[in-house]
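Now for the letters of each chain:
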Amino acid sequence: MSKKSVFFLSIVFSLLPVSLFAVTKRSEKPTGDEPWYILKQAQNCFENNDYGEAVKFAEDAKQKRLEYCQWESYILDQTQRSQQIRKAGDYIDEILLILQEKSYVEAVQIINEHFDRYGKDFFNSSFSKLKQWIENDYLYPEADFLLGKIYKLEGEFEFSASYLNRAYENRQRLDVPDVKYDILYELADLSELQGDDKRYEENLLSVLKDDSSYTNSGFLVALTRLINNNTKDSVEKFFLLYRSNNDISIRALYELGEYYTRMKQNEKALRCVALGSIAAVTKIEDILKNRLFDYSYTTFQDLLDKASKYDDVVEWGNSNNIWELFYNLAANAEISGKTVFSKTLFSILAEHEPEDYWKKRAAIKLQ
């Protein structure tokens, strides 16, 4: 059998529901490295472009996670052999006290570990809900996320989508909840590669569902109202009056702004670049407050001048399309007929934009 065939079969088997293999419970605690450490090795291989080894370690991490899941389920099942625990009902705090009194050390440790990860309230004080959650804890969204990224790079888009979608579906099990946004951005990239505009837009909008500034229609109306006023002082009022602390949304707002501009949906595009610009200014302002004693925002051009003095801030702006985002705000205002706002902003950018490329582009627009 060729290497390609083996590779293909490994993908097929890894996409089978793990529940097919989760029915057998094991009485011994798994030995060797823990799942998180094996996955860390997979991540290291991925970063070193060794995708074959990355896949191997990621699948090993999933297998080890399954073994832990089977063992933890077995331990909790064994507690039900005690008549005293069965009589205690489903109230988890009462059961935990009995387990501690009876020195069921492993069961107590398992319960407390899940309390530490998710909080006691997550299980509604229900022992049966905790057991059910643990029985399905073989699901490993971090491993699926990594595998999805690998298969995307390998050009296996359908397999990549399967892994990424499964990772997002099981986002409640992520150790770091905000990784769900990374998964959505990866899905958006994949949709763009596949030429699926609808899914591309949907994935980016899913990022913004948790952004209270974007979901607050009144806030967005207020933002665009200032632009629509189209006066010389509108630019400074715009950046002085509004803030948005959700910097995770900046990329989605930038990309949606680009997308809606291409689709000739100018109102949506302007809304996105406006909010994205406010979120970017909020982030830069926070950085400057941490670095400069007694700093407070005065003008947009002053903020840009101070940001220009820090190479890492300039690089962050380049990596996250911040300087282009400010340019796009002026350009989208111009498309919408708000020429005074647009010209005023282009004038500021032509003099104070930290990145020379966008500074020159702004100057050309003025000409």
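All of these numbers come straight from a predicted model, not from anything done at the bench. (Residues numbered from 1 in each chain as written. Predicted model: local features only at pLDDT ≥ 70, side-chain atom pairs only at ≥ 80, totals over all residues. Heavy atoms only, no water.)

Engineer: So what's going on with the overall build of the protein chain? Which residues, and what values?
Structural biologist: Along the protein chain, the regular secondary structure elements total 21 helices and 0 strands. Expected size for 367 residues packed as a compact globule is a radius of gyration near 21 Å; at 26 Å, the protein chain overshoots this value by more than 25%. Taken along the three principal axes of its C-alpha coordinates, the protein chain extends 80 × 55 × 35 Å. Considering the protein chain as a whole, with its 367 residues, one finds that 47% of them fall into the buried category. Partitioning the contacts of the protein chain with sequence separation of at least 6, the portion at a separation of at least 24 is 64%. Here the protein chain has roughly 18,600 Å² of accessible surface; of this, 48% comes from carbon and sulfur atoms. Positive and negative side-chain charges in the protein chain, numbering 47 and 59 respectively, have mean positions lying 3 Å apart. (Helix = DSSP H or I, 4+ residues; strand = E, 2+ residues; numbered from the N terminus. Rg over C-alpha atoms; globule rule 2.2 N^0.38 Å. Buried < 20%, exposed > 50% of the residue type's maximum accessible area, 1.4 Å probe, protein only. Contact = heavy atoms within 4.5 Å. Areas by Shrake-Rupley, 256 points an atom, 1.4 Å probe, with all protein chains shown as cover. Lys, Arg positive; Asp, Glu negative; His and termini not counted. Charge placed at Lys NZ, Arg CZ, Asp CG, Glu CD.)

Engineer: Tell me about the nonpolar core, and please be specific about residues and values.
Structural biologist: Among the nonpolar cores identified, the biggest contains 64 residues, and Phe238, Phe239, Phe300, Leu303, Phe326, Leu329 and Leu345 are the most heavily contacted of them. Tallying contributions element by element places helix α16 (residues 266-291) first for this core, with 13 residues. For Phe326, the contacting residues outside a window of four places in its chain are Ser277, Ala280, Val281, Ile284, Phe300, Leu304, Leu345, Leu349 and Glu353. (Core = buried A, V, L, I, M, F, W, Y, C linked by side-chain atoms within 4.5 Å.)

Engineer: So what about helix α2 (residues 35-47)? Which residues, and what values?
Structural biologist: Under the 1.5 Å per step criterion, the end-to-end length of α2 is 18 Å for 13 residues, consistent within 8% with the ideal 18 Å. Along α2, the positions that sit buried rather than exposed are Pro35, Ile38, Leu39, Ala42, Cys45 and Phe46. Considered in projection along α2, the buried side chains sweep an arc of 110° and stay on one side of the axis. Along its buried surface, α2 packs onto α3 (51-79) and α8 (141-153). Just downstream of α2 lies Asn49, where phi reads positive at about 65°. (Expected span 1.5 Å × (residues − 1). Arc of directions from axis to C-beta.)

Engineer: Can you explain the packing of helix α14 (residues 234-241) against helix α20 (residues 339-352)? Please cite residues and give values.
Structural biologist: Running from N to C, α14 and α20 point in directions that differ by 75°, and their axes come no closer than 8 Å. Here α14 is positioned roughly perpendicular relative to α20, judged by the angle of their axes. Contact residues: Ser234, Val235, Glu236, Phe238 and Phe239 in α14; Phe341, Thr344, Leu345 and Ile348 in α20. When grouped by side-chain class, the residues that make up the contact of α14 with α20 number 6 nonpolar, 2 polar and 1 charged. (Axes fitted to C-alpha atoms, helices over the stretch in contact; angles between N-to-C directions. Parallel < 35°, antiparallel > 145°, perpendicular 65-115°, else oblique. Nonpolar A, V, L, I, M, F, W, Y, C, P; charged D, E, K, R; others polar.)

Engineer: Quick rundown of the pattern of salt bridges? Include the residues and the values.
Structural biologist: For side chains bearing opposite charge, pairing can occur when the charged atoms are close. Taken as a whole and judged by the stated rule, the model has 23 salt bridges. When the shortest N-O distance is used, the salt bridge between Asp137 and Arg117 registers 3.8 Å. Of this pair, Asp137 sits in the loop between α7 (127-135) and α8 while Arg117 is found in helix α6 (residues 105-118), placing the two residues 20 residues apart along the sequence. Taking relative accessible area as the criterion, Arg117 reaches 37% and is therefore assigned partly exposed. Measuring nitrogen to oxygen at the nearest pair gives 3.5 Å for the salt bridge that ties Glu267 to Arg271. Taken together, the residues span about one helical turn, with Glu267 and Arg271 both in helix α16 at a distance of 4 residues. A residue is classified by how much of its surface remains accessible, and Glu267, at 62% relative accessible area, is exposed. Since its relative accessible area comes to 25%, Arg271 is described here as partly exposed. Here the salt bridges do not stand alone but share partners, grouping Arg65, Arg117, Asp137, Arg173 and Asp175 into one network. (Salt bridge = Lys/Arg side-chain N within 4 Å of Asp/Glu carboxyl O.)

Engineer: Talk me through the layout of surface pockets; I want residue IDs and the actual numbers.
Structural biologist: Considering only enclosed or pocket space, the largest pocket measures out at about 410 Å³ in volume. Taken together, 17 residues form the lining of the largest pocket, with Glu34, Tyr68, Glu72, Glu113 and Arg117 sitting closest to its centre. Listed by contribution, the elements that provide at least two residues to the lining of the largest pocket are α2, α3 and α6. By volume, the second largest pocket is sized at about 250 Å³. Around the second largest pocket, the lining is made up of 13 residues, and of these Leu39, Gln43, Glu142, Asp175 and Val179 lie nearest the centre. Counting only elements with at least two residues in the lining of the second largest pocket, the list comes to α2, α8 and α10 (179-193). Split by residue class, the lining of the second largest pocket holds 7 nonpolar, 1 polar and 5 charged. (1 Å grid on protein atoms, 1.4 Å probe; cavity = no way out; pocket = protein on both sides within 12 Å on 5 of 7 lines; lining within 4 Å. Points joined across faces, edges and corners; volume = space filled by probe spheres on them.)

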